[in-house]
Amino acid sequence: MTSSAFDTSQVKDKRDTINGRFQKIKSMAASRRARLNESHRLHQFFRDMDDEESWIKEKKLLVSSEDYGRDLTGVQNLRKKHKRLEAELAAHEPAIQGVLDTGKKLSDDNTIGKEEIQQRLAQFVEHWKELKQLAAARGQRLEESLEYQQFVANVEEEEAWINEKMTLVASEDYGDTLAAIQGLLKKHEAFETDFTVHKDRVNDVCTNGQDLIKKALEETWRNLQKIIKERELELQKEQRRQEENDKLRQEFAQHANAFHQWIQETRSCMVEESGTLESQLEATKRKHQEIRAMRSQLKKIEDLGAAMEEALILDNKYTEHSTVGLAQQWDQLDQLGMRMQHNLEQQIQARNTTGVTEEALKEFSMMFKHFDKDKSGRLNHQEFKSCLRSLGYDLPMVEEGEPDPEFEAILDTVDPNRDGHVSLQEYMAFMISRETENVKSSEEIESAFRALSSEGKPYVTKEELYQNLTREQADYCVSHMKPYVDSKGRELPTAFDYVEFTRSLFVN
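The structure contained in this document is the topic of the report that follows. Everything quoted here is computed from the prediction, not taken from an experiment. Note that residues are indexed from 1 along each chain, following the sequence as it is written. Per-residue local features are limited, in this predicted model, to residues with pLDDT of at least 70; the limit for side-chain atom pairs, both in listing and counting, is 80 or more; totals at the level of whole chains, interfaces and linings are taken over all residues. Calculation of side-chain values draws on the structure's entire complement of heavy atoms; hydrogens and water are dropped beforehand.

With that out of the way, let us pick up unusual backbone geometry. Positioned with a positive phi, leucine 312 is a non-glycine residue whose angle comes to about 60°. Secondary structure counts use DSSP, requiring at least four H or I residues in a row for a helix and at least two E residues in a row for a strand, with both numbered from the N terminus. On the secondary structure map, leucine 312 appears in the loop between helix 6 (295-310) and helix 7 (323-354). Judged by its relative accessible area of 69%, leucine 312 falls in the exposed class. Although it is not a glycine, threonine 494 adopts a positive phi angle of roughly 55°. The buried label goes to any residue with under 20% of its type's maximum accessible area, the exposed label to any with over 50%, and the partly exposed label to all in between, with areas taken from a 1.4 Å probe on protein chains only.

Paired rings are identified among Phe, Tyr and Trp, the last through its six-membered ring, by centres lying within 6.5 Å, and are further divided according to the angle between planes into stacked (under 30 degrees), edge-to-face (over 60) and tilted (the rest). Summed over the entire model, instances satisfying the criterion amount to eight aromatic pairs. Taken together, a centroid distance of 4.8 Å and an interplanar angle of 35° make the contact between tyrosine 459 and tyrosine 484 tilted. Residue tyrosine 459 is located in the loop between helix 12 (442-452) and strand 3 (460-461), and its partner tyrosine 484 is located in strand 4 (residues 483-485); the two are separated by 25 residues in the primary sequence. In this structure tyrosine 484 comes out as buried when scored by relative accessible area, which is 14%. With 6.5 Å between their ring centres and 70° between their planes, tyrosine 476 and phenylalanine 501 make a pair best called edge-to-face. Of this pair, tyrosine 476 sits in helix 14 (residues 471-480) while phenylalanine 501 sits in helix 15 (residues 498-507); the two residues are 25 residues apart in sequence, bridging distant segments of the chain. Note on tyrosine 476: relative accessible area 16%, which makes it buried. Residue classification places phenylalanine 501 among the buried residues on the basis of a relative accessible area of 5%. Ring-pair connections join several aromatic residues into one group, and the members of that group are Phe384, Phe407 and Phe430. Cation placement over rings: the criterion is NZ of Lys or CZ of Arg within 6 Å of the ring centroid and within 35° of the ring normal. A cation over an aromatic ring shows up here: arginine 295 above the ring of tryptophan 330, its NZ or CZ 5.5 Å from the ring centre. Over the face of the ring belonging to phenylalanine 407 we find lysine 385, whose NZ or CZ atom lies 4.7 Å from the ring centre.

Written out as structure tokens, the structure reads:
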């Protein structure tokens, strides 16, 4: 390092770099070692807990048994086994406590799996508590069973003694000699002494039986009181649930009924809209915006319907409407709004480009609405036929089921797929096409205007228009035709350029 042959600063930097990296690796290794030890302790704890859970599960099977013995010997043997099990539980409790202490320490020290540790500990404590409760309950039942079987054994023993002595006291042998009589008297005296002893035993058995009956009745009464209380709580719980369900029904019905009424009113308002085509179009657009905005209200109704389904509410006496039905009606109203907008735009375009008067368009629309009784925006075939007849179409009367080729030809235009209905849009397109079907080309229109003009001039005067056309037609031409300008750029008064007007119509 001191030699001038080396770049000492560079060597020092490399040495410091290597030392720094080594210390970093050393620190990372120590950190990893600590993490691995922590992970090892955690998984060791989980394995120990799994072992204890398996042990608890195994003992639960034993204490959950419904076998309480069929005789005195059987009960005594089961009681001995249960005593050994209780001793085993008591002896195992330190191991259980050790697992709990380890888990608590890990939960306090560790950051890895802390939530899972706490969750497993809570479950483990609950399982251990349940095992001890089951063991205590089984011990109590075995004691009761032992008491009962002991009573049964005592009863059987006394009954056997009584049966044996009944043979003796029922004997007809009273002796036929003095010695025989004296022997029988001695036996009877011994029986009376034995009877006094057994009298006390029988009284004890009867008293024991009364106690057992009393205990059984008291236990039955306690169970009955418990059942009554539980049923009362369940009934109160069910009452609260039904009250909440009824509130949910009423809330759903309130929104559903209001939404249905709004749909009906909106549909009527849209279908019965009057005024100019432009005002109707603006009103329809506003209504359609309102329809789209009401989607949020439908969403609320759908949420209430979902809550009712989750609560298993299948009936609602407060409304006849369902979520699905209202959604379908809203969708139909939305479609009707779009169709009416398109139809009004179509009518305005037809009025501006084909010369069909607004009054004629209003008549078509009014007649359609007259036959659209349910305000659905559609006519069935019979309603459509009646509408055409009201507009002056001379359709033949045919019997039901008989072919009607003339009407079928019209249906080929307005309902080619035969879905059974004619929409307002299809109807208006048909009527407009019928109004303009005689117009073949711009040349024909120009020829017609040229015939109105004196000497075939390329313009027509205001007087000529009003002399040869209806007032409505003349007003339309005057308002839409441009003034005529001659080749020198001069504008002729009261002269209109029908050539430019006709060509602009067909260009549009």
